[in-house]
Structure formats: structure tokens, C-alpha cells
Amino acid sequence: MDVSVGESFKVPSAYSKVKVDGGVRPSGTTGNRFCLGALSNVHRTESSEKARIHIGEGVELECRGEGDVWIRCMSEHSVFVQSYYLDREAGRQPGDAVHKIYPNAYIKVFDLRQCHQQMQQQAATAEAAAAVQAAAISGQVPGPASVGGIAPAASMSVATVVGVDDLRRLCILRLSFVKGWGPDYPRKSIKETPCWVEVQLHRALQLLDEVLHRMPMNESSRFPSD
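Residues numbered from 1 in each chain as written. Predicted model: local features only at pLDDT ≥ 70, side-chain atom pairs only at ≥ 80, totals over all residues. Heavy atoms only, no water.

Undergrad: Would you explain the overall build of the chain in this entry?
TA: Assigned secondary structure in the chain consists of 5 helices and 9 strands. From first element to last, N terminus to C terminus, the chain shows the α and β order β-β-α-β-β-β-α-β-β-α-α-β-β-α. By residue count, 38% of the 226 residues in the chain fall in the buried class. If you take every contact in the chain between residues at least 6 apart in sequence, the share linking residues at least 24 apart comes to 60%. (Helix = DSSP H or I, 4+ residues; strand = E, 2+ residues; numbered from the N terminus. Buried < 20%, exposed > 50% of the residue type's maximum accessible area, 1.4 Å probe, protein only. Contact = heavy atoms within 4.5 Å.)

This is the structure in C-alpha cells:
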């Protein structure tokens, strides 16, 4: 469903676990329990309501160590998660798959150290690409296809263009209940599923902020535009 509902639910740092379920208790959106049924939504469709009912006990997210995340599926139905950690474990390209987590499964879906390494690598790649682009524009990188000593900026590989939004995606988990999405399902976008949530990982976002602030902020090192 392509509609955001309610305000962001912030879990206090005192809790290492948070439960997301299909409950309807008004008091179920405080502390470490997030009841999806307690959110009012005038746009809720019949399929969304059916999915919410089937969510049941939902999932439990657990933060271990400094920021690793594990998911326990407590629902009678599978949940589906987009996880760069699981992509790597499965030998897939980042963002190339949606992973099905079966009832009663308890599985790691996020590794903070791996995420930090990825954001550092991608930030360095983006910074280098921006420097090459700036040098090409200023005519400092001559090439066989250059005119007057200026190499065309279009010669830079598209694969090296990484934006801040790409780095933020490393710090986010997205999961849908009951229905899956992605290349292996009829629904190509998570927004086409009846019920889904986005989990922003605070410690990972803190590390991303540190990575971005360590980058020299001159014209040659800015990120290419998204």
C-alpha cells in the first residue's frame, strides 16, 4: 500500500527488543511494542485489513551488540525482508532479492560492521568519481575522445555514481507481512504489498553521518546528484 500511516515509532534505547504485531490496543504503540492495528487509516483497503489480521503476533526485532539486528517471526505467516546482509550471505547483488522468513525462524538480517565497511567503500567510490568528473570538466584528464584536452564527463561509469540516498539504504530494513514483493513475486515494489514497515537503524545512521562529515566538502568531492 503506497500510503504512510501515522508518525514514526521510536524505540527507546533502553529496549534491545521491539515487537511489531497486528494488535489493535491503543496503548500498543509505546515502549517496545508497535501495534499496527492501532493506527487509524482512512485509506486502508480490504486487502490491507485482511493482511493485518493475519499478521497476528508479527515479528520481534532484536538489537545485539552495538547494532546487529535479528528477526524472530512470531506470526503464523511468513514475513519478507529486504536485507543487504542476507543478500551478501546468499551471494546476491545488494538489493537484488527479497528474503522470505518462515514462522518460528530466528535469523540475523543486519550486521553493523559490514554496513559500516560498505558505506565507507561506497563513499570513497563516490568521492573518487566526483573528483574524476571535476577533473574532466576542468580539462585535466585528456583522453582519446576528448576535444581540446577535455574528456567527456559521460565517459565515467554509471556504476560509480553513488548518492547519499544509496548510502542511507544500507541503514534501513524494509519488511512486508503475509505477501512478498520483488523479482520473484508478482508485486515488484514493496508499496504494492498490503502491509509493510520500514525500520531505520539509528546506530548505522550515526555512523553514516560520521562518514559523510569526514569527507572533504569541496567541489571536487561532492557526491554526484541523485
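Undergrad: Is there a simple way to think about the confidence of the model for the chain in this case?
TA: Any region with low pLDDT has predicted coordinates that should not be read closely. When pLDDT is averaged across the chain, the result is 79; 75% of the residues are at 70 or more. Within the model, pLDDT remains below 50 along residues 145-160, and this stretch shows 18 contacts once partners closer than five positions in the same chain are excluded. This stretch, residues 218-226, has a pLDDT under 50; its non-local contacts, to residues over four places away or in other chains, come to 28 contacts. (pLDDT = per-residue confidence, 0-100.)

Undergrad: So what exactly am I meant to see when it comes to the side chain of His-99 here?
TA: Take His-99: it is sitting in strand E6 (residues 99-101). Note on His-99: relative accessible area 14%, which makes it buried. A polar contact of 2.7 Å, which involves the side chain of His-99, links it to the side chain of Asp-87. (Polar contact = N/O pair within 3.5 Å; in protein donor to acceptor, adjacent residues only side chain to side chain.)

Undergrad: Would you take a moment to explain the packing of aromatic side chains for this structure?
TA: Aromatic ring pairs are reported here in terms of the distance separating the ring centres and the angle at which the planes meet. Inspection of every chain in the model, using the stated rule, returns 2 aromatic pairs. Seen in terms of ring centroids, Trp-70 and Tyr-106 are 5.1 Å apart; in terms of plane orientation they differ by 25°. Their pairing is stacked. You can see Trp-70 sitting in strand E4 (residues 68-73) and its partner Tyr-106 sitting in strand E7 (residues 106-110), a full 36 residues away along the chain. Aromatic side chains Phe-80 and Tyr-185 sit 5.4 Å apart centroid to centroid with 80° between the ring planes, which places their arrangement in the edge-to-face category. (Phe/Tyr/Trp six-rings, centres within 6.5 Å; stacked < 30°, edge-to-face > 60°.)

Undergrad: Would you explain the sheet that holds strand E9 (residues 196-200) in this entry?
TA: In sheet architecture, strand pairing relies on hydrogen bonds along the backbone and comes in two forms, parallel and antiparallel. With antiparallel pairing, 4 strands are arranged side by side in an open sheet as E6-E5-E8-E9. A strand with exactly one partner marks an edge of an open sheet, and here the two such strands are E6 and E9. Each strand of the sheet is rotated relative to its neighbour by a mean of 25°, with strand direction disregarded. One ladder, built from 5 bridges, connects strand E8 (residues 172-177) with E9; its direction is antiparallel. Across the sheet, residue Leu-175 finds its bridge partner in E9, namely Val-197. (Pairing = 2+ DSSP bridges. Axes fitted to C-alpha atoms, helices over the stretch in contact; angles between N-to-C directions.)

Undergrad: Got a minute to help me understand the nonpolar core in this structure?
TA: Within soluble globular proteins, side chains that are nonpolar tend to cluster in buried spots. Judged by nonpolar contacts, the single largest core of 38 residues is most densely connected at Leu-36, Ile-71, Val-109, Phe-110, Met-119 and Phe-177. Each residue touching Val-109, except ones within four places of it in the same chain, is listed here: Val-69, Trp-70, Ile-71, Val-81, Ser-83, Tyr-85, Leu-86, Ile-101 and Leu-173. (Core = buried A, V, L, I, M, F, W, Y, C linked by side-chain atoms within 4.5 Å.)

Undergrad: I tried to follow the environment of Lys-100 on my own but got confused; where do I start?
TA: You can see Lys-100 is positioned in strand E6. The class for Lys-100 is partly exposed, based on a relative accessible area of 39%. Separated by 80 residues in the primary sequence, Lys-100 and Gly-180 have C-alpha atoms spaced 7.7 Å apart. Excluding anything up to four places from it in sequence, Lys-100 contacts Ser-78, Val-79, Phe-80 and Tyr-185.

Undergrad: Help me out: how do you make sense of the packing of helix H3 (residues 112-137) against helix H5 (residues 202-214) in this one?
TA: How two helices pack is summed up by the angle between their axes together with the distance between the axes. Packing of H3 against H5 leaves a shortest axis separation of 10 Å and a crossing angle of 25°. Relative to H5, the element H3 lies roughly parallel. Of the two elements, H3 crosses H5, and the hand of that crossing is right-handed. Counting all contacts with H3, which are made through Leu-112, Cys-115, His-116, Met-119, Gln-120 and Ala-123, the residues of H5 involved are Arg-203, Ala-204, Leu-207, Leu-208, Val-211 and Arg-214. For the contact of H3 with H5, a count of residues per class yields 8 nonpolar, 2 polar and 2 charged. (Parallel < 35°, antiparallel > 145°, perpendicular 65-115°, else oblique. Left-handed = near helix turned anticlockwise from the far one by under 90°. Nonpolar A, V, L, I, M, F, W, Y, C, P; charged D, E, K, R; others polar.)

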